[in-house]
Amino acid sequence: MHCRLRENLSYCDVDGHLIFLDVAQDRYFKLTAALENAMRRFQAHEDVAPTLVEGLVAARILVEAPNPKARAARANIRRPTCSAIEQPAAIAGQRIGMAIVLEVMAIVWSTRRHLKTRALKTNLDEASAYRDRKTGAHEVATPTAPEDNLLQATGQFARARRYVPIEPICLLDSLSLLRFLSRRGLSANIVFGVTPEPFAAHCWVQAGDMVLNETLFDTHAYTPIRVV
């Protein structure tokens, strides 16, 4: 049986344990010790007992694939080396007009409504499709605009966001910032990360090696598991 990782599933290795994210089901989970060991052997192209492969298929980790070379691939997500919000000199004194405040307010309210009424996968698919349509970008975490433009737009969003009477939440704000940037032809990605003990999940917007709406310290506390 030739298999590959199921669509909409991604995983990462954190402190010796595999953590999975299923965006279709909006959940994180771990495997039993036996299945995790089988998954590691499968990823390393080592022999796996047929019963264990069947177990991974039954657990909806793997699916049958016609290509014998198909394997489970982990996303190649670049770790950020700088943070836009930790470069105050780049956005200090920036003025924003009422038009930008109203734009950000509309984006945040709309995103919040969609998160309440639509599945996570639907929101992520629509966000990435909108970005690709507006920027023509299909690369993973590759900036397509000058850094100054990203800094300026990120600063505008951050300043306008303060006037929106909705509590900041990482997914809400990352989706909102991504749309704000996309409207300006600026390409970026949302990166999801996890920590194991105690378990926690987080996400942020990143362009190349620059995180836009989080500090370096906080992003490095998480192991990336998926990029959108």
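Residues numbered from 1 in each chain as written. Predicted model: local features only at pLDDT ≥ 70, side-chain atom pairs only at ≥ 80, totals over all residues. Heavy atoms only, no water.

**A look at the environment of Q87**
Move 1: Examined against the element boundaries, Q87 turns out to sit in the loop between β6 (82-83) and α3 (88-91).
Move 2: For Q87, a relative accessible area of 26% puts it in the partly exposed group.
Move 3: Expressed as a C-alpha distance, the spacing of Q87 and L151, which sit 64 residues apart in the sequence, is 8.6 Å.
Move 4: The residues touching Q87, leaving out its near neighbours within four places in the chain, are C82, E147, L151 and M210.
Move 5: Within the local environment of Q87, its side chain forms a polar contact with the backbone oxygen of S83, the two atoms lying 3.3 Å apart. (Helix = DSSP H or I, 4+ residues; strand = E, 2+ residues; numbered from the N terminus. Buried < 20%, exposed > 50% of the residue type's maximum accessible area, 1.4 Å probe, protein only. Contact = heavy atoms within 4.5 Å. Polar contact = N/O pair within 3.5 Å; in protein donor to acceptor, adjacent residues only side chain to side chain.)

**Some details on the packing of aromatic side chains**
Move 1: What the rule picks out here adds up to 5 aromatic pairs.
Move 2: When the centroid spacing of 5.3 Å and the interplanar angle of 55° are considered together, the rings of Y28 and F199 count as tilted. Here Y28 is found in strand β4 (residues 27-29), whereas its partner F199 is found in the loop between β7 (189-195) and β8 (200-207), with 171 residues between them in sequence.
Move 3: By relative accessible area, F199 is classed as partly exposed at 41%.
Move 4: When the centroid spacing of 5.6 Å and the interplanar angle of 55° are considered together, the rings of F157 and F180 count as tilted. In this pair, F157 is assigned in helix α6 (residues 147-161) and F180 in helix α7 (residues 170-182), connecting sequence segments 23 residues apart.
Move 5: The buried category is assigned to F157, whose relative accessible area is 6%.
Move 6: Sitting over the face of the ring of Y130, R179 holds its NZ or CZ atom 3.8 Å from the ring centroid. (Phe/Tyr/Trp six-rings, centres within 6.5 Å; stacked < 30°, edge-to-face > 60°. Lys NZ or Arg CZ within 6 Å of the ring centre and 35° of its normal.)

**Quick look at the pattern of salt bridges**
Move 1: Scanning all chains against the criterion turns up 11 salt bridges.
Move 2: As a salt-bridge pair, K121 and D125 come within 2.6 Å of each other at their nearest N and O atoms. With K121 and D125 both in helix α5 (residues 120-135) and 4 residues apart, the pair spans about one turn of that helix.
Move 3: Of the residues examined, K121 reaches a relative accessible area of 25% and is grouped as partly exposed.
Move 4: Since its relative accessible area comes to 38%, D125 is described here as partly exposed.
Move 5: Two residues, R161 and D173, come together in a salt bridge whose shortest N-O distance is 2.4 Å. With R161 in helix α6 and D173 in helix α7, this pair connects stretches of sequence that are 12 residues apart.
Move 6: Here the residues in one salt-bridge network are D13, E36 and R40, joined through shared partners. (Salt bridge = Lys/Arg side-chain N within 4 Å of Asp/Glu carboxyl O.)

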